[in-house]
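Residue-level listing of the chains:
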Amino acid sequence: MTDDSTSGVQAGRTGLIVKVPDAEAAVRAWRERFDPSARAGVPAHVTVLFPFLDESRIGSPVCSALAAVLGQHRSFDLRFESCRRFPDVLYLVPEPDTQLRRLTEAIADRWPEAPPYGGKFTDVVPHLTIADGPADDAVLDAMEADLLSKLPFMTRVSSVELMVHDGVQWQERASFALRE
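Since this is a predicted model, take the numbers as computed values, not measurements.

1. Section: helix 3 (residues 60-70)
All of the buried residues in helix 3 are Val62, Cys63, Ala65, Leu66, Val69 and Leu70. The buried side chains of helix 3 occupy one side of the element, clustering within an arc of 160° when seen end-on. Among the exposed residues of helix 3, those pointing more than 90 degrees away from its buried face are Ser60 and Pro61. Those residues of helix 3 hidden inside the fold are in contact with strand 1 (14-19), helix 4 (98-110), strand 7 (159-165) and strand 8 (170-177).

Given below as structure tokens:
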């Protein structure tokens, strides 16, 4: 759920994520050093939709609608066995990513005023960010080698979490179950 830097994220900004607790042992130390969202309280995750609606717009009707939209999707398994890079980003690849893309599409279809990443990208690529921001290639290579030695791992996705930024930290506000 990375923006350019979480230090510039306004209070009230929200996002929807899939937490990946099974990744924490492998990624926590790297994320805390190289991913601003980790330092701001976001656990290892794959972003479903960021930014979502401003917190001031999220009340019972939106939460009920999120529960209904997400409750139409089944729980699923993800496997992480490789790393890739975007410019200034090192990430783990969730496979298969079809269900993640469907979750993003369903929420973006329901709330067209909240396109993924503000409409910045034509193709949203599901990923678990490890490093976000300029880093020396040698450091990224070392991170990648370390991570590859800890892969693969599997995780079960059974919910989507709503995260809210208070101006300093991200906090989990609600969790929405997927269908079993």
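Now that the structure has been shown, we can carry on.
2. Details of unusual backbone geometry
Most peptide bonds are trans, and most residues other than glycine sit at a negative phi. Of note, the amide linkage connecting Glu95 to Pro96 takes the cis form, showing an omega dihedral of -10°. Along the chain, Pro96 falls in the loop between strand 4 (89-95) and helix 4. In this structure, Asp88 is a non-glycine residue whose phi angle is positive, near 65°. Looking at the secondary structure, you find Asp88 in the loop between strand 3 (76-86) and strand 4. Located in the positive-phi region is Tyr117, a residue other than glycine, with phi close to 55°. Mapped onto the secondary structure, Tyr117 falls in the loop between helix 4 and strand 5 (128-132). On the accessibility criterion, Tyr117 (16% relative accessible area) is buried.

Definitions and cut-offs
- Residues numbered from 1 in each chain as written.
- Predicted model: local features only at pLDDT ≥ 70, side-chain atom pairs only at ≥ 80, totals over all residues.
- Heavy atoms only, no water.
- Buried < 20%, exposed > 50% of the residue type's maximum accessible area, 1.4 Å probe, protein only.
- Helix = DSSP H or I, 4+ residues; strand = E, 2+ residues; numbered from the N terminus.
- Arc of directions from axis to C-beta.
- Contact = heavy atoms within 4.5 Å.

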